[in-house]
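Breakdown of the fold
Listed here are the chains, written in short residue letters.
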Amino acid sequence: MTATYITTTIPYVNARPHIGHALELVQADVLARYHRRCGVAVRFQAGTDDNALKNVLAADTAGLGVREFVDRNAEAFGALGDALTLSVDDFIRTSRDPRHRPGVEAFWRACSGDLYRRQYTGRYCTGCEQFYTPAELNDGRCPEHGTEPELVGEENWFFRLSRYAAPLREAITTGLLRIEPAGHRNEVLALINGGLADFSVSRPAGRAGGWGIPVPGDPGQVVYVWFDALCNYVTALGYGQDDPARDGAYRRWWAGPGNRVHLLGKGVLRFHAVYWPAMLLASGQQLPTGIFVHDYLTAGGRKISKSGAGSPARSPGADGPGALEPAALAAEYGADAVRWWLLREVPRVGDADFTVARLVARADDELANGLGNLVNRVVAMIGRYRDGRLSPGPGHLAAPGGEGLAAACRQAGDAVGAALENFDFRQATAAVWSIVDEANGFVNRARPWELARTGPGGDQQLLDAVLAQLLGACSVLGRELAPFLPGTAARVAAQCTPGADGRLPGPRPVFRRRARRARSVPAAGLGVEEPQQEQQHEGADDRPDDPDQVEAVNAQ
Ligand SMILES: [Zn+2]
C-alpha cells in the first residue's frame, strides 16, 4: 500500500490565523480524508513556524515577551484543527517540539559540504525573511509587501544553491517532482533557468534577538528561519534522531516509496520548489513527489492583512475586520459552511474573493436548501408513505425517469478521484453536487406525492422504485461528501440508516440555514429550520411533500 504524507506549510505566528490559512488546511484535510477512505495509509501534518524574526518584531510591537506572544498565537493556529474539523495527525511547533532542533542540527551537518561563510550586503525584507536582489524589487520595494527592504550587511553562512540547477531542472521536467498547477511549474523552471545564486542560511544571533536555533559549531549565528522551517517536514518524522522508534516514522513516510506532498501558497513557492529540494539533495535525501500551489484569497476585494484578523466575528453577515478569523467564522456559521465556501468557490488557478455574505449564500443555497431539503424530503416521504421502512436502492439503478441521477451516482466516485488527483477541489465538489441537482430534479419530475395516491395517478410500485433510488442517492451523498464536509456527511448518512426497528429515523436538519432572513420562504418548511419546527413537520402527515404543490393540493 502506498503511504501518503501530506503537509501544509507552517505559518508565521506574528498574528492570529486568518481565512487564507484555512484554505490550505482544508484542502490538505480533504486529500487526507479522501486517501484514507481509499485505504491508503496517510499522515497529515501541520504546524507553526515559531522561530521567525518577524515573530520577534511583532512581539516587541505588542509589548509582550517573545515566548508568551508566540505561544498565544501558535495556540490559535493549533485550535483550527478542532474548529475546522481537520483530521491532522501531527502538529509541529518549531520552538517547542523536542524533535525539531536536533533534526535541524543534523540536517545542517548533512549539508555541510555545501555550506560556507562569507560577508554579504543586501536588501532584506523582514516580512518575507529573505534578501532581494535589485532586479527582484518593484521600484525598490518588496514585491510581496510593498515595503522598502532594509540594507543589511553581515557575515553569514551560505548554501551552495548554484550547484543544484541541473538536478532540480531534471527532477521537475521528468515529473519526479510534480509541481501543480503548470503555471507555477513554469515559474520555477524560469527561476532555475535564470540562474541560481547561493543563498544565506544563517543570521547573526544578535539581530535575531537570541531567538532561533544556533548554528552547530558557530553559536554566534542562528539558522536562517527558512532553513529551519523547511526542515519541519522531516524533523517531525524523527529525521536525525538516534531513537529507532522515531527513525521508523522517517523511513516510512519520507525515505520509503510512498508519496510526499506539500501544499503551499504561491508566495513561498521558491522556498519549497527550489531551496528545499536542493537542501534535500545536498543532505542525501529523497525529494517530495508533489507540490501543489494555491493562489491567494482576498477579502472584500482587498489583500488580507494579518492585523485584520484580530477580533472575533461578532455580527453575522458583517465583513468587518474580525470577520476573517476562521475559528470565529466556523463558530458562527459552522465548520462545514467555511469548508464548503473554500472548496466550492476557490479556483485551482487564480485568486478568489472572500466575503461573509458569499459564505452564507453558498451554505444556505446549497447545504441548507439543495442538500438539506433533498435529504429531508426523501426521508419524510418514506416516513409518510412507507412508515419509514424501505430498502435503499444502490443509487445507480434507475427508476423510470431517474437515469440522469443514476449516472451522476455512478460517475461521482471516479470524478472526485480524478479531480483530487489534479488538486481541483472545485471540480471534485461539482461532481458530488451533480447528484444533488439530479436528485432534486428527479423528485420534481417523478412527483412521488402523486404516485402515493390510492386513486387515479397513483402507482405504488413506481413509488417504491422512485423512493428507493432517491434514498440510495442520499446514501451515496453521505459517502462522497465525507472528505469535504465531515459533519454534514455524517448527518446525511445517519438519515439514510435504518434503526434497530428497521425504520429510518425521522427527518432531522442536516444543515441549518444561516441567513437571518430566509431567501425562499416555502422551502423553509422542509426540515432545514429549527428543531421545533421539525417536530411539527414530522407530525403533519397530511401535508404535501413538495412546497410547490401546496396550492395545487389545497385546491383539490
Ligand atoms: Zn516582503
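Here we take up the nonpolar core. Ranked by size, the top nonpolar core spans 105 residues in total, and within it I19, L297, L342, L420, I435, L477 and F484 carry the most contacts. A per-element tally of this core places helix 14 (residues 356–386) first, with 13 residues. Ignoring any residue separated from it by four or fewer positions in sequence, one finds L297 in contact with I19, G20, L23, I304, W341, L342, V346 and A352. One finds A171, I192, Y250 and A282 within the second-largest nonpolar core, a separate group that totals 63 residues.

What the rule picks out here adds up to 33 salt bridges. One salt bridge connects R93 with D50, and the closest N-O pair in it is separated by 3.0 Å. Taken together, the residues span a long stretch of sequence, with R93 in strand 3 (residues 90–93) and D50 in the loop between strand 2 (42–48) and helix 2 (53–62) at a distance of 43 residues. Judged by relative accessible area, D50 falls into the buried class, the value being 0%.

This paragraph deals with the pairing of strand 6 (residues 150–159). Pairing of strand 4 (residues 115–125) with strand 6 involves 10 bridges; the strand directions are antiparallel. Among the inter-strand pairings, T121 is bridged to a residue of strand 6, identified as G153. In terms of strand pairing, strand 6 meets strand 8 (residues 199–200) through two bridges, oriented antiparallel. Each bridged residue has a counterpart across the sheet, and for F159 the counterpart in strand 8 is F199.

Within the protein, the atoms that donate to the zinc ion are C125 (SG), C128 (SG), C142 (SG) and H145 (ND1), at distances of 2.1 to 2.3 Å. Taken together, the four donor atoms coordinating the zinc ion span angles of 96 to 117° at the metal, a pattern that classifies the geometry as tetrahedral. C142 sits in the buried class, given a relative accessible area of 2%. Residue H145 is classed as partly exposed on the basis of its relative accessible area, which comes to 37%.

Before going further, it helps to examine the sheet that holds strand 10 (residues 214–215). An order of 9-11-10 is seen for the three strands of this open sheet, with the pairing classed as antiparallel. Each edge of the open sheet is held by one strand with a lone partner, namely strand 9 (202–204) and strand 10. Relative to strand 11 (residues 218–223), strand 9 is paired through three bridges, and the arrangement is antiparallel. Counted as the bridge partner of S202 is V223 from strand 11.

When the pLDDT values of the protein chain are averaged, the result is 88; 87% of them are 70 or greater. Note that pLDDT drops below 50 for residues 307–321; the model gives that stretch 29 contacts with residues more than four away or on any other chain. Note that pLDDT drops below 50 for residues 517–556; the model gives that stretch 67 contacts with residues more than four away or on any other chain.

All right, on to unusual backbone geometry then. At the junction of E180 and P181, the peptide bond is cis and its omega measures out at -10° in the coordinates. With respect to the element layout, P181 can be found in the loop between strand 7 (178–180) and helix 7 (182–193). Here the phi dihedral of F423 falls at roughly 55°; this positive angle occurs in a residue that is not glycine. Within the fold, F423 resides in the loop between helix 15 (403–421) and helix 16 (425–446). Of note in the backbone geometry, R447 takes a positive phi value of approximately 50° without being a glycine. Following the sequence through the fold, R447 ends up in the loop between helix 16 and helix 17 (448–451). Residue class for R447 comes out partly exposed when judged on its relative accessible area of 28%.

Right, let's get into the packing of aromatic side chains. Following the criterion strictly, the structure yields 22 aromatic pairs and no others. Ring centres of F107 and Y239 lie 5.4 Å apart, and the angle between their planes is 55°; this geometry places the pair in the tilted category. On the criterion of sequence distance, the pair formed by F107 in helix 5 (residues 100–110) and Y239 in the loop between helix 9 (232–235) and helix 10 (244–253) is long-range, its members being 132 residues apart. Y239 matches F107 in its accessibility class, with the two residues each being buried. We note R118 situated over the ring of F158; from NZ or CZ to the ring centre the distance is 4.2 Å. Directly above the ring of F511 sits R514, whose terminal nitrogen or CZ lies 4.9 Å from the centroid.

Pairing in this open sheet of three strands is mixed, and the strands run 15-14-16 from one edge to the other. This sheet does not close on itself; its edge strands, each paired only once, are strand 15 (302–303) and strand 16 (352–354). One ladder, built from two bridges, connects strand 14 (residues 297–299) with strand 15; its direction is antiparallel. Bridged to A299 within strand 15 is R302.

Each value, and the rule that gives it
Residues numbered from 1 in each chain as written. Predicted model: local features only at pLDDT ≥ 70, side-chain atom pairs only at ≥ 80, totals over all residues. Heavy atoms only, no water. Core = buried A, V, L, I, M, F, W, Y, C linked by side-chain atoms within 4.5 Å. Buried < 20%, exposed > 50% of the residue type's maximum accessible area, 1.4 Å probe, protein only. Helix = DSSP H or I, 4+ residues; strand = E, 2+ residues; numbered from the N terminus. Contact = heavy atoms within 4.5 Å. Salt bridge = Lys/Arg side-chain N within 4 Å of Asp/Glu carboxyl O. Pairing = 2+ DSSP bridges. Donors = N, O, S within 2.8 Å, 3.2 Å for Na, K, Ca; no water. Tetrahedral: all angles 85-135°; square planar, octahedral: opposite > 155°, others 65-115°. pLDDT = per-residue confidence, 0-100. Phe/Tyr/Trp six-rings, centres within 6.5 Å; stacked < 30°, edge-to-face > 60°. Lys NZ or Arg CZ within 6 Å of the ring centre and 35° of its normal.

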